[in-house]
Amino acid sequence: MSSSSGSTTLDRSTLSQRLSDYYELCKPRVVLLIVFTAMVGMFLATPGMVPIDALLFGTLGIGLMAASAAAVNQMLDRKADQRMARTRKRPLVTGHLDMAQSARFAAAIGLLGMAILLWLVNPLTAWLTLVTLVGYAGVYTVYLKRATPQNIVIGGAAGAAPPLLGWVAVTGSVDAHALILFLIIFIWTPPHFWALAIERHREYAEVDIPMLPVTHGLEYTRTQVLLYTVLLFIVSLLPFVTGMSGPLYLLCAIGLSGWFLVYAIRLKYAPKPGLAMRTFAYSILYLMALFSALLVDHYVPVIFGV
């Protein structure tokens, strides 16, 4: 009796660990940000409530395909991940999952996501999402990441796509306002990632990945972070300038982008240990807060009848 009970407990523990490993294979924090910005794109695409089928199936399909791309990225980067402190606990590195298990899982959720988008949302969303997946897991991870220090700039197009995908999931077409959302994330990506690269530049050098701090030095990278943050400040105002958003968003954008600029200025002219990582952390908060401001501003007139 006790032996059977112990076996059941062990099986549950093993199952829980396996589910946790597959969950981590999907880079859940990255996928959460992708899904959030895609959902904001959906809500901004319509003056009222998003159709429930587009919201449910669009979010699910985009999320599954993003998770599949994240899993493929870990498969392709497993050797470099073994040598970097921040990635040594990933399930492929620890041996909790092998390549065959990871490949089957990535294929299954990727195909499921594609099917959902094709038949329950619209074909344009499905194909654009597939292009994004191939761009990130294939072009960026396989080639750009190790070919040029501008890897994150060029490859950033894939990471900037989610709000555009969300918009297309609702409307079935690409709109200029959706491209503004794309542009915000596209310009946000370099200062966001280069702040992390500054903190981890020695690790990138050890694994021969030509991130900007490795090829051009820390000082040059800090300058690029500052310049891109200035550009981001300007781009973040475009939703207001084009009439997409109102004064509430404008105030939030100025405040959030201004504080990001303060971080970038300090990183350039008064660098100190830990500041790059704090800048990286703020950049994530910045994007979530900026898109939240877009969402709130969009529905304030609806709620109050303005």
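All values reported here derive from a predicted model rather than from experimental measurement. Each chain carries its own residue numbering, running from 1 in the direction its sequence is written. pLDDT decides what is reported in this predicted model: residues at 70 or higher carry local features, side-chain atom pairs at 80 or more are listed and counted, and totals for whole chains, interfaces and linings draw on all residues regardless. With hydrogens and water set aside, each side-chain value is computed from the structure's full complement of heavy atoms.

Colleague: Tell me about the packing of aromatic side chains, and please be specific about residues and values.
Modeller: Here a pair means two rings of Phe, Tyr or Trp (six-membered ring of Trp) with centres within 6.5 Å. Their orientation is stacked below 30 degrees between planes, edge-to-face above 60, and tilted elsewhere. Applying the stated criterion across every chain, the model contains 10 aromatic pairs. Ring centres of Phe-182 and Phe-186 lie 6.0 Å apart, and the angle between their planes is 10°; this geometry places the pair in the stacked category. In this pair, Phe-182 and Phe-186 are both assigned in helix 10 (residues 176-199), 4 residues apart and thus about one turn of the helix distant. Each residue is placed in one exposure class: buried if its accessible area under a 1.4 Å probe, protein chains only, is under 20% of its type's maximum, exposed if it is over 50%, and partly exposed if it falls in between. Look at Phe-182 and you get partly exposed, because its relative accessible area is 21%. Seen from their ring centres, Trp-194 and Tyr-228 are 5.5 Å apart, and the 75° between their planes marks the pair as edge-to-face. You can see Trp-194 sitting in helix 10 and its partner Tyr-228 sitting in helix 13 (residues 218-236), a full 34 residues away along the chain. Given the relative accessible area of 0%, Trp-194 is considered buried. A run of H or I in DSSP counts as a helix once it spans at least four residues, and a run of E counts as a strand once it spans at least two, with each numbered from the N terminus.

Colleague: Residue-level account of unusual backbone geometry, with values.
Modeller: In this model, Lys-27 sits at a positive phi of 50°, which is unusual for a non-glycine residue. Structurally, Lys-27 can be placed in the loop between helix 1 (2-25) and helix 2 (28-44). Classification of Lys-27 by relative accessible area gives buried; the value is 15%. A positive phi is found at Asp-208, a non-glycine position, where the angle reads about 60°. As for its position among the elements, Asp-208 is in the loop between helix 11 (201-206) and helix 12 (212-216).

Colleague: Give a description of the confidence of the model for the protein that names residues and reports values.
Modeller: As a per-residue measure, pLDDT reflects the predictor's confidence and takes values from 0 up to 100. Of all residues in the protein, 95% have pLDDT values of 70 or greater, and the mean over the chain is 90. The least confident element of the protein is helix 1, whose mean pLDDT is 73; the most confident is helix 14 (residues 238-241), at 98.

Colleague: So, the pattern of salt bridges: which residues are in play, and what are the values?
Modeller: Salt bridges are identified by distance alone: a Lys or Arg side-chain nitrogen within 4 Å of an Asp or Glu carboxyl oxygen. Applying the stated criterion across every chain yields a total of 4 salt bridges. Linking Glu-203 and Arg-200 is a salt bridge whose minimum nitrogen-to-oxygen distance equals 3.4 Å. Residue Glu-203 is classed as buried on the basis of its relative accessible area, which comes to 14%. In this structure, the salt-bridge partner of Arg-222 is Glu-219, at a minimum N-O distance of 3.4 Å. Of this pair, Arg-222 and Glu-219 both sit in helix 13, 3 residues apart, which is roughly one turn of the helix. Residues joined in a network through salt bridges with shared partners are Glu-219, Arg-222 and Lys-268.

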